[in-house]
Amino acid sequence: MNNFSLFKCIFWMLLIQYGLIFIGGDGFNIFDKILIVYILFKSIPYWNYIGKLYKISVFIFIFIGVLSNIVYKIQVLPGVINDLFLYMKFPIALFGGYLYGANNYDLSVEYDYIKKYCPIIAKSLAVVLFSNLFLGILPEFYEYLGPIKTQMLFFGHPTFMAATLFFYLSLYLFVNDKNKEDYIVISLFVIMIFLTSRMKAIGTLMVLLYFLYKQIRNKEITLKIREILVISIFCIILAWDKFVFYFVDNANYARGLILFNAIQIANEYFPIGAGFGSFASSGSMKYLSPLYEQYEMYNPDDIFANDSFIATVLSQTGYLGLIVYFMLIFLLIIKLMKISDSNRLLSVLVLLVYILICCIGEVSFFAVYIVPMAFWIGLQLGQEYNSKI
């Protein structure tokens, strides 16, 4: 897989894609898809190196969705393919990164590259962001963080800006030499992420700051059951107000309605759901699913109509599919618990926490940013495997 620098393509993908979309529109929303197809075809000869449980989990998940498509025939084939492709972005990028990292590749060759360009990215974006705070030269979001206008720069939405910054922050955490210069760069990323005012981003930052505090105090950074429970409880507490706002107090708001109807669909089409492309996804809206009319949702083009990954999986593959997909995440967490290098652990942990928090209120596993994030997580796990053989 090393015939060209896939790493450098992954490194610049988000800035290039979001930048081109800002300049030229959604027609440039394609680079993540091209990379996924490339990673898939370059990975196929090496898939014997992937653990059986991972491959079985992915196969069973696909089988569940396709089976429900065959049985219920709710969506047309293009809609099915659209969503199946989106579901596979995370495992393909994750496995591809793992194979890239485990197949005689030494990530240390990219150390200087990360060390050089991440600070340039952080400082350049910081200059643009603080200039924008006072001059308003770029489009602004309608929300405020106290007296400060929520920032999104050229990323199209604060969530996309936060995700991009988390990706580069994650890379830099890996090469962190724990000196003053490195902590200044990390602080710039943290401040800019905070100014996106996304609660999911701020929650992830709190988790990161906890581990950075331990690192600064020269305490061991590990991911044990205790840390997982603490992180989970903290994230639930932090997100509770937002959860109540979207899914309880405003149950007729799109996000709440989507989740409520997803549960109804999962119950009606128990236990395998209504099939790929049937509900709460871009495929279900592009190739209009009859379930929207059945559940009296006559405006599925609403911005939040495909904004919860949990609702999407639950409605399309049922309770069984939800369990199987998150079995893959569980296996991934077990892998993370075995990482011995503190920088490597912190680097991948911050991304996984962010992705998991986001999946409640957005389709994070389908997003543009999932490709570089999942690839980086897999790459680090592949390097960890290499270090122990």
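Shown above is the structure to which this text applies.
Residues numbered from 1 in each chain as written. Predicted model: local features only at pLDDT ≥ 70, side-chain atom pairs only at ≥ 80, totals over all residues. Heavy atoms only, no water.

Secondary structure assignment for the chain yields 15 helices and two strands. The C-alpha radius of gyration computed for the chain amounts to 21 Å, which stays within 12% of the reference 21 Å derived for 389 residues, consistent with globular compactness. Taking the principal axes of its C-alpha atoms as reference, the chain extends roughly 60 × 55 × 45 Å. Counting every position in the chain, which comprises 389 residues, the buried fraction comes to 56%. Within the chain, contacts between residues separated by at least 24 positions form 78% of all contacts whose residues are at least 6 apart in sequence. Carbon and sulfur atoms form 67% of the exposed surface of the chain, whose accessible area is close to 17300 Å². (Helix = DSSP H or I, 4+ residues; strand = E, 2+ residues; numbered from the N terminus. Rg over C-alpha atoms; globule rule 2.2 N^0.38 Å. Buried < 20%, exposed > 50% of the residue type's maximum accessible area, 1.4 Å probe, protein only. Contact = heavy atoms within 4.5 Å. Areas by Shrake-Rupley, 256 points an atom, 1.4 Å probe, with all protein chains shown as cover.)

Residues Ile56, Phe59, Ile60, Phe63, Val66, Leu67, Ile70, Val71 and Tyr72 make up a contiguous nonpolar surface patch of roughly 790 Å² in combined accessible area. With respect to the element layout, Phe59 can be found in helix H3 (residues 52-72). Judged by relative accessible area, Phe59 falls into the exposed class, the value being 57%. (Patch = residues over 30% accessible without salt bridge, like charges linked within 9 Å, V, L, I, M, F, W, Y side chains within 5 Å. Salt bridge = Lys/Arg side-chain N within 4 Å of Asp/Glu carboxyl O.)

Moving on, we get to the side chain of Asp32. In this structure, Asp32 sits in helix H2 (residues 31-43). We classify Asp32 as buried; its relative accessible area is 0%. When neighbours within four sequence positions are excluded, Asp32 is seen to be in contact with Met13, Gln17, Lys89, Val368 and Val371.

With that settled, the discussion passes to the nonpolar core. Counting residues in hydrophobic clusters, the biggest one holds 118 residues, and the most contacted among them are Phe7, Phe90, Phe166 and Trp376. Excluding residues within four positions of it along the chain, Phe7 makes contact with Tyr100, Tyr105, Leu107, Glu110, Tyr113, Ile114, Leu171, Trp376 and Leu379. Ile258, Leu259, Tyr269 and Met297 belong to the second largest nonpolar core, which has 15 residues in total. (Core = buried A, V, L, I, M, F, W, Y, C linked by side-chain atoms within 4.5 Å.)

Moving on, we get to the pattern of salt bridges. Oppositely charged side chains can form a pair if their charged atoms are brought close together. Going through the model one piece at a time under the given rule, you end up with seven salt bridges. The partner of Lys8 in a salt bridge is Glu110, with the nearest N and O atoms 3.2 Å apart. Separated by 102 residues along the polypeptide, Lys8 in helix H1 (residues 6-24) and Glu110 in the loop between helix H4 (77-102) and helix H5 (111-135) bring together distant segments of the chain. Across the pair Lys200 and Glu362 runs a salt bridge, and its minimum N-O distance is 2.6 Å. Remark: Glu362 occurs in the loop between helix H14 (342-361) and helix H15 (370-387) and Lys200 occurs in helix H8 (residues 199-216); sequence separation between them is 162 residues. In this structure Lys200 comes out as buried when scored by relative accessible area, which is 16%. If you follow the salt bridges from partner to partner, you end up with Asp32, Lys33 and Lys89 in one network.

Next up on the list: H3. Because each turn of an α-helix spans 3.6 residues, side chains separated by three or four positions in sequence point in the same direction. With 21 residues, H3 should reach 30 Å at 1.5 Å per residue; the first-to-last C-alpha distance of 30 Å fits that figure. Buried within H3 we find Tyr54, Ser57, Val58, Phe61, Ile64, Gly65, Ser68 and Asn69. The arc that holds every buried residue of H3, seen down its axis, measures 130°, which confines them to one face. Every exposed residue of H3 that faces more than 90 degrees away from the buried side is listed here: Lys52, Leu53, Phe59 and Ile70. Turning to H3, the residues buried within the fold contact H4 and helix H13 (309-337). Count one or two residues on from H3 and you reach Lys73, which has phi positive near 50°. (Expected span 1.5 Å × (residues − 1). Arc of directions from axis to C-beta.)

Inspection of every chain in the model, using the stated rule, returns 38 aromatic pairs. Geometrically, the ring pair formed by Tyr18 and Phe155 is edge-to-face, given 5.8 Å between the ring centres and 70° between the ring planes. Of this pair, Tyr18 sits in helix H1 while Phe155 is found in the loop between strand E2 (148-149) and helix H6 (158-174), placing the two residues 137 residues apart along the sequence. Judged by centre distance (6.0 Å) and plane angle (55°), the rings of Phe270 and Tyr319 are tilted. With Phe270 in the loop between helix H10 (254-268) and helix H11 (282-286) and Tyr319 in helix H13, this residue pair connects regions lying 49 residues apart in the sequence. The ring of Tyr113 has Lys8 sitting right over it, with the charged end atom 4.6 Å from the ring centre. (Phe/Tyr/Trp six-rings, centres within 6.5 Å; stacked < 30°, edge-to-face > 60°. Lys NZ or Arg CZ within 6 Å of the ring centre and 35° of its normal.)

Once that is clear, we can look at the environment of Pro91. Residue placement: Pro91 occurs in helix H4. For Pro91, a relative accessible area of 2% translates into the label buried. Taking the C-alpha atoms as reference points, Pro91 and Val58, separated by 33 residues in sequence, lie 7.7 Å from one another.

At a minimum axis separation of 9 Å, H3 and H13 run at an interaxial angle of 170°. Here H3 lies roughly antiparallel to H13, going by the angle between them. On the side of H3, the interface is formed by Leu53, Tyr54, Ser57, Val58, Ile60, Phe61, Ile64, Gly65 and Ser68, while H13 contributes Val313, Gln316, Thr317, Leu320, Gly321, Val324, Tyr325, Met327, Leu328, Leu331, Leu332 and Lys335. Of the residues that constitute the contact of H3 with H13, the class distribution is 14 nonpolar, six polar and one charged. (Axes fitted to C-alpha atoms, helices over the stretch in contact; angles between N-to-C directions. Parallel < 35°, antiparallel > 145°, perpendicular 65-115°, else oblique. Nonpolar A, V, L, I, M, F, W, Y, C, P; charged D, E, K, R; others polar.)

This is a description of form; function is not addressed.
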